[in-house]
Amino acid sequence: KQLMEEFYRNLWARGHSRLEALRQAQLSMRTHYDPEQKQWRSEASESPLPPVYWAAFFLHGDWR
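The notes below deal with the structure included here.

So, how was this worked out
- Residues numbered from 1 in each chain as written.
- Predicted model: local features only at pLDDT ≥ 70, side-chain atom pairs only at ≥ 80, totals over all residues.
- Heavy atoms only, no water.
- Helix = DSSP H or I, 4+ residues; strand = E, 2+ residues; numbered from the N terminus.
- Contact = heavy atoms within 4.5 Å.
- Core = buried A, V, L, I, M, F, W, Y, C linked by side-chain atoms within 4.5 Å.
- Buried < 20%, exposed > 50% of the residue type's maximum accessible area, 1.4 Å probe, protein only.
- Salt bridge = Lys/Arg side-chain N within 4 Å of Asp/Glu carboxyl O.

A few words now on the side chain of E6. Mapped onto the fold, E6 is located in helix α1 (residues 2-13). In contact with E6, other than residues within four places in its own chain, are R14, A25, S28 and W40.

A few words on the nonpolar core. As a rule of thumb, soluble globular proteins bury nonpolar side chains together. Within the largest apolar cluster, 10 residues are counted, these being L3, F7, L11, A21, L22, A25, M29, Y33, L49 and W54. Considering every element that reaches this core, the biggest residue donor is helix α2 (residues 18-32), with 4 residues. Not counting the four nearest positions on each side in its chain, L11 is found in contact with H16, S17, R18 and A21.

Okay, the pattern of salt bridges next. Taken as a whole and assessed by the stated rule, the structure comprises 4 salt bridges. Note that E6 and R9 form a salt bridge whose closest N and O atoms lie 2.4 Å from each other. Placement of the pair is E6 and R9 together in helix α1, with a separation of 3 residues, close to one helical turn. Residue class for R9 comes out partly exposed when judged on its relative accessible area of 35%. Overlapping salt bridges, with partners in common, bring together E6, R9 and R14 in one network.

Structural data, given as structure tokens:
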């Protein structure tokens, strides 16, 4: 849920392309999201969030 919220925030509010919106959402999840507390951290963590939380999502379809 958090990954998709961040993806659409990047896509609509920040005006990124779909690819860049997903990339930025994944990077944010990796460094700034705490799954145990279910909240965003203000600073990047020294122990990144494992890919199991964010790596399964990818873009699919006609990119044109």
